[in-house]
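A structural walkthrough
Here's the letter readout for the chains.
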Amino acid sequence: MAALGAPLCTLRALLRELRHAAGRSYRDSPAYRYVLAAFRAHRVTSEKLCRAQQELHFQAATYLCLLRSVREHEALHREYHGRG
Amino acid sequence: LWARSLPARLPRPPPAAAGSGPLGPCGRRAYAPPGERKRFYQNVSISQGEGGFEINLDHRKLKTPQAKLFTVPSEALAIAVATEWDSQKDTIKFYTMHLTTLCNTALDNPTQRNKTQLIRAAVKFLETDTICYRVEEPPALAELQKNEWDPVVTWAEKRYNVTIGSSTSILGPNIPASTKETFVNHLASYNMWALQGIEFVITQLKSLILSMGLIDRHITVEKAVLLSRLEEEYQIRRWGNVEWAHDYDLCELRARTAAGTLFVHLCSESSTVKHKLLQD
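The residue numbering used here restarts from 1 in each chain and proceeds along that chain's sequence as written. Chain letters start at A and ligand numbers start at 1, both assigned in the order the entries are written. The predicted nature of this model means local features are confined to residues of pLDDT at least 70 and side-chain atom pairs, given and counted, to a pLDDT of 80 or more, with totals for whole chains, interfaces and linings taken over all residues. Side-chain metrics rest on all non-hydrogen atoms present in the structure, leaving aside hydrogens and water.

**What to know about the overall build of chain A**
Looking only at helices and strands, one finds 3 helices and 0 strands in chain A. We count a stretch as a helix when DSSP gives it H or I for four or more residues in a row; a strand needs E for two or more, and each element gets its number in order from the N terminus. Helices and strands appear in chain A in the N-to-C order α-α-α. To sort residues, take the accessible area from a 1.4 Å probe on protein chains only and compare it with the maximum for the residue type: under 20% means buried, over 50% means exposed, and anything in between is partly exposed. For chain A, with 84 residues in total, the buried portion stands at 46%. Any two residues having at least one pair of non-hydrogen atoms within 4.5 Å are treated as being in contact. Sequence separation of at least 24 residues holds for 57% of the intrachain contacts in chain A that already meet a minimum separation of 6.

**Thoughts on the nonpolar core**
Residues and elements named next belong to chain B. Residues belong to a common nonpolar core when they are buried Ala, Val, Leu, Ile, Met, Phe, Trp, Tyr or Cys residues joined through side-chain atoms within 4.5 Å. Core analysis: the biggest nonpolar cluster contains 95 residues, and Leu77 and Trp85 have the highest contact counts within it. By residue number, the principal contributor to this core is helix α11 (residues 243-267), which donates 10 residues. Of the residues that make up this core, three or more belong to each of domain 1 (44-108) and domain 2 (115-268). Either an automatic procedure or a domain database provided the assignment from which the domain bounds are taken.

**A short note on the interface of chain A and chain B**
At the interface, 30 residues of chain A touch 42 residues of chain B. Note: buried area is the sum, over both parts, of the accessible area (probe 1.4 Å) each one loses when the two are combined. When the two sides are added together, the surface that chain A and chain B hide from each other amounts to roughly 3,300 Å², 69% of it contributed by carbon and sulfur. Polar contact criterion, stated in full: a pair of N or O atoms within 3.5 Å, where within protein one must be able to donate a hydrogen and the other to accept it, and residues adjacent in sequence count only if both atoms are side-chain atoms. One can count 5 residue pairs in polar contact (both at pLDDT 80 or more) joining chain A with chain B. Taken together, the elements giving at least two residues each to the side of chain A that touches chain B come down to α1 (7-22), α2 (30-41) and α3 (51-81) of chain A.

**Looking at the packing of helix α4 (residues 115-124) of chain B against helix α6 (residues 177-187) of chain B**
All names here are of chain B. Fitted lines through C-alpha atoms serve as axes, helices being fitted only where they are in contact, and the angles separating the N-to-C directions of these axes extend from 0 to 180 degrees. Remark: α4 packs on α6, axes separated minimally by 10 Å, with the N-to-C direction vectors making an angle of 135°. When the axis of α4 is compared with that of α6, the two are oblique. Classified by chirality, the crossing of α6 by α4 is right-handed. Of α6, the residues touching α4 (which contributes Ile119, Ala122 and Val123) are Lys180, Phe183, Val184 and Leu187. Angle categories: roughly parallel below 35 degrees, roughly antiparallel above 145, roughly perpendicular from 65 to 115, and oblique for all the rest. Crossings are assigned a handedness: left-handed for a near helix turned anticlockwise from the far helix by less than a right angle, right-handed for a clockwise turn.

**A look at the environment of Lys63 of chain B**
Mapped onto the elements of the fold, Lys63 of chain B is located in the loop between β4 (60-61) and β5 (71-72). Sequence separation between Lys63 of chain B and Leu107 of chain B is 44 residues; the distance between their C-alpha atoms is 9.9 Å.

**Re the environment of Val264 of chain B**
Within the secondary structure, Val264 of chain B is located in helix α11. If near-sequence neighbours (up to four positions away) are discounted, Val264 of chain B is found in contact with Tyr190, Ala194, Gly197, Ile198 and Ile215 of chain B.

**Re the domain arrangement of chain B**
Residues and elements named next belong to chain B. We note that the domain assignment places domain 1 (44-108) and domain 2 (115-268) within chain B. Averaged C-alpha coordinates put domain 1 and domain 2 at centres separated by 28 Å. Counting residues at the interface gives 13 residues for domain 1 and 11 residues for domain 2. The three residues of domain 1 that bury the most area against domain 2 are His98, Leu102 and Ala106, which together make up 49% of that side's buried surface. Note on definitions: salt bridges are taken to be side-chain nitrogens of Lys or Arg within 4 Å of carboxyl oxygens of Asp or Glu. Linking domain 1 to domain 2 there are 0 salt bridges. Connecting domain 1 to domain 2 are 0 residue pairs in polar contact (both at pLDDT 80 or more).

**Notes on the pattern of salt bridges**
All names here are of chain B. Considering all chains together, one arrives at 13 salt bridges over all chains under this definition. Lys61 is paired through a salt bridge with Glu54; the nearest N and O atoms lie 2.8 Å apart. Across the salt bridge formed by Arg159 and Asp216, the nearest N and O atoms sit 3.1 Å from each other. In this pair, Arg159 is assigned in helix α5 (residues 139-160) and Asp216 in the loop between α8 (208-215) and α9 (221-228), connecting sequence segments 57 residues apart.

**Comments concerning unusual backbone geometry**
Phi is mostly negative for residues that are not glycine, and the peptide bonds are mostly trans. Residues and elements named next belong to chain B. Residue Glu137 is joined to Pro138 through a cis peptide bond whose omega torsion reads -15°. Positive phi values are uncommon outside glycine, yet Asp58 reaches one of about 55°. Topologically, Asp58 is positioned in the loop between β3 (53-57) and β4. Unusually for a residue other than glycine, Gln112 sits at a positive phi of about 55°. Relative to the helices and strands, Gln112 resides in the loop between α3 (98-108) and α4.

**Some points on α5 of chain B**
Residue and element names in this part refer to chain B. For a helix, the expected span equals 1.5 Å multiplied by the residue count minus one. Its 22 residues give α5 an end-to-end C-alpha distance of 31 Å, which sits within 8% of 32 Å, the value for a rise of 1.5 Å per residue. We define the bend at any residue as the angle between the axes fitted to the seven residues before and including it, ending there, and the seven starting there. The largest bend in α5 amounts to roughly 35° and is located at Trp149, with the proline Pro151 lying one to four residues further along. Among all positions of α5, only Leu141, Gln145, Trp149, Val152, Val153, Trp155, Ala156 and Tyr160 are buried. Looking one or two residues past α5, Asn161 carries a phi angle of roughly 55°, positive in sign.

**Re the packing of aromatic side chains**
Stacked, tilted and edge-to-face pairs are distinguished by plane angle, under 30 degrees for stacked and over 60 for edge-to-face with tilted covering the rest, among Phe, Tyr and Trp rings (Trp via its six-membered ring) whose centres lie within 6.5 Å. Enumeration over the complete set of coordinates arrives at 7 aromatic pairs over all chains. When the centroid spacing of 6.3 Å and the interplanar angle of 85° are considered together, the rings of Trp155 of chain B and Tyr160 of chain B count as edge-to-face. Here the two residues Trp155 of chain B and Tyr160 of chain B agree in accessibility, since each one is buried. Ring-pair connections join several aromatic residues into one group, and the members of that group are Phe40, Tyr41, Trp85 and Phe94 of chain B. Sitting over a ring, as applied to charges here, requires NZ of Lys or CZ of Arg to be within 6 Å of the ring centre and within 35 degrees of the ring normal. Here the guanidinium or amino end of Arg19 of chain A rests over the ring plane of Tyr26 of chain A, the centre of that ring lying 5.3 Å away. The lysine or arginine in question, Arg159 of chain B, covers the ring of Tyr160 of chain B, its NZ or CZ lying 4.3 Å from the ring centre.

Here's what the structure looks like:
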């Protein structure tokens, strides 16, 4: 199983990226609501994480990586490869 | 050695499958994007049609570059695509919209490949798999490759009950036919959409094994990308980082790999999970 860290950290970082992407109305955005709903539905009720929780956590971490990398890539593109 | 650390040219052009425009027909135009375009819509929303989930830009339905209706089988994927469109500011930067690109490729299949051909292309990569190709010089790099790549090869061999190995020969490792067959059979269990995603990830990472590590959730995207770029990372640590080249390539590879991985998982997720979430 991949080394992912605490699900809560991933969730918080992911929500932060979504806020950045969506702007002012981020709380109403489908992605924000979906991610929150998914994490609530798979809330940790026992010490042992079930397979579905692990899958969700991995998906969230992957999506976080996507959003973060796109943002960083765009910033670098603007800084070094943009036109004027 | 500096030359090796710098890119030979400016950043790659946008991916070929991004589409020349979301709404109109593309006629005889090549399957290539304009790069950027002004944002022409206010609201992005999702709706459920007969074929799956659709994306609406204001009142217009999103179409693929080949003018097919843009429909995806997974609600989560539709939401992620809608988020890509909604996060565009003044201009639409198609080269950042990796999930949209992947969906367009799955819907249009511009290279006209069937499942068998896709699987064959994917498994063929095993013969030139990055993590099976080892150097002998410099010793520090050889050691790094051994320490970082051996565990993943071992994991794959155990997980799939195959022999892979590694090689310092220019011809690469000798992959037994039975190993290839195992992977062919395994990949056959994925649907066409997921396979497009898998093949995409493999071409990005230049490694079938690293891609399977991702698909099987054995390693994270960040780790997979690091392992794929091991030699570059080694050179960067020795000779220094060039932000506008190295970080640029790193972020782009991470973004594409993450998109591909997410795409595969969302296209092959179980219906029970989907049903439970849709109940909210």
